[in-house]
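Chain by chain, the residues run as shown.
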Amino acid sequence: MDNPAKRKVIRAGRRSGKTVGIAIFAVEQFLKGKRILYATPTQEQIGRFWSIVTRSLSDVIKFGVFKKNETEHYIEKPGTEQRVKAKTAYNADTLRGDYADVLIFDEWQLVNEDAWGLVGAPMLLDTNGDAVFIYTPPSLRSRSVSKADDPQHAAKLFRKAQELQSGGSTRWAAFHFSSMDNPYLSREALDEIAGDMTSLAYRMEILAEDIDEAPGALWTRKTIDDNRVISGPDYDRIVVALDPSATSGGDDAGIVVCGKRAEHGYIIADETVQGSPLVWARAAVTAYHKYKADLIVAEKNQGGEMVELTIRQVNANIPIKLVHASRGKQARAEPVSAKAEKGLIHHVGTFPALEDELCLWIPGDDSPNRLDAMVWGMTELIIKNIVDGLDLS
């Protein structure tokens, strides 16, 4: 971390030592008289960092040189601005109210990008401070807890740092190391863990590779980009497709608005939410009215008739069609993917989270909720008459 760049982006594998390394760096900067702010999405993630920092400074704290506040996770030199603090932050609002000479984002891939653009960057204005972004490329499963608008934002920032660094910039620097680079991990465990993970998850979480398109995925970025449109036509039909979640604290409820014009399908909006059944029911009904839809199409595998009853609590008269998945996810998705390859499905604008799911889902894995909802919507609009054996009752 001796690199003088003002903006450092670190891409690292799980258990690679990144938190230990950044804690040591934070202590070094603090002892130089600087004000350090370490931000990470959850309280649990603070534990390792804080443990290392407090152990490193225990003697000087014991002798009264520095004061420790265990509740608010900060150590300071009384009467000065010198301080190291750890706090939870997952978006701009949770980061507000502070400033720093060194701002560290850990698990940056899970943080909303506005935390940097709206709040983090201005925090450093007083002293032309430094920023460090640390992330592990998130597997599709781990992205479900992300607060990012664009699940690829950390990878994009890393590429920006690489490009600027290779172009001669001294302000940005990019660093990459995998779990294999930690000499303290069991070599035997590292050799065997590949058999415990999918190849994609292994490449992302262990080798720390940024992957935006999985080998074997049914969609490609090129197919999506080639058929993207800025605005849609006057639609023949519009449906709100809902893939409900069973619990308030679990997966997102996929809500995707789809339209049809002649033989072409259009993805109009992604209104996916996380919350209780009443939350996703309200979101689906709101989307129905907002986009002047003809129908809500909802999968009933998760909750059966409860899905319709919950929507009826919000609006008793809204037209609802419950669909049941009698075939596997791959069999349902392939006809929609084939239409996309033929240039018959268009994204009206950009939908980063949905597009990430489309391009990273591998048939055989659990399919994510946005993808499921979109497949139901397109099946209703442009596929249903040609899919044999799909029970849509």
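A quick note: this is a predicted structure, and the numbers were derived from the prediction, not measured. (Residues numbered from 1 in each chain as written. Predicted model: local features only at pLDDT ≥ 70, side-chain atom pairs only at ≥ 80, totals over all residues. Heavy atoms only, no water.)

**Concerning the sheet that holds strand S13 (residues 320-323)**
Within the open sheet, the six strands sit side by side as S13-S12-S9-S10-S11-S14. Their pairing is mixed. Strands at the two margins of the open sheet, each flanked by one partner only, are S13 and strand S14 (345-347). Adjacent strand axes in the sheet meet at a mean angle of 25°, parallel and antiparallel pairs treated alike. The sheet contact formed by strand S9 (residues 237-243) and strand S12 (residues 295-299) spans four bridges and is parallel. Bridge pairing in S12 links Val 240 to Ile 296. (Pairing = 2+ DSSP bridges. Helix = DSSP H or I, 4+ residues; strand = E, 2+ residues; numbered from the N terminus. Axes fitted to C-alpha atoms, helices over the stretch in contact; angles between N-to-C directions.)

**What to know about the confidence of the model for the protein chain**
Taken over all residues, the pLDDT of the protein chain has a mean of 90, while the share at 70 or more is 93%. Across residues 386-393 the pLDDT falls below 50, and counting only partners more than four positions away or on other chains, this stretch makes 22 contacts in the model. (pLDDT = per-residue confidence, 0-100. Contact = heavy atoms within 4.5 Å.)

**Side note on the environment of Leu 157**
On the secondary structure map, Leu 157 appears in helix H6 (residues 153-166). The exposure class assigned to Leu 157 is buried, which follows from its relative accessible area of 12%. Separated by 147 residues in sequence, Leu 157 and Ile 10 have C-alpha atoms that sit 10.0 Å apart. (Buried < 20%, exposed > 50% of the residue type's maximum accessible area, 1.4 Å probe, protein only.)

**A few points about unusual backbone geometry**
Here the phi dihedral of His 73 falls at roughly 55°; this positive angle occurs in a residue that is not glycine. Relative to the helices and strands, His 73 resides in the loop between strand S3 (67-69) and strand S4 (74-76). Look at Lys 292: it is not a glycine, yet its phi comes out positive at around 55°. Here Lys 292 lies in the loop between helix H10 (277-290) and S12.

**Topic: the packing of helix H13 (residues 352-360) against helix H14 (residues 369-383)**
Remark: H13 packs on H14, axes separated minimally by 8 Å, with the N-to-C direction vectors making an angle of 90°. Judged by the inter-axis angle, H13 sits roughly perpendicular to H14. Contacts between H13 and H14 involve Ala 353, Leu 354, Glu 357 and Leu 358 on the former and, on the latter, Asn 369, Arg 370, Leu 371 and Met 374. For the contact of H13 with H14, the per-class residue count stands at five nonpolar, one polar and two charged. (Parallel < 35°, antiparallel > 145°, perpendicular 65-115°, else oblique. Nonpolar A, V, L, I, M, F, W, Y, C, P; charged D, E, K, R; others polar.)

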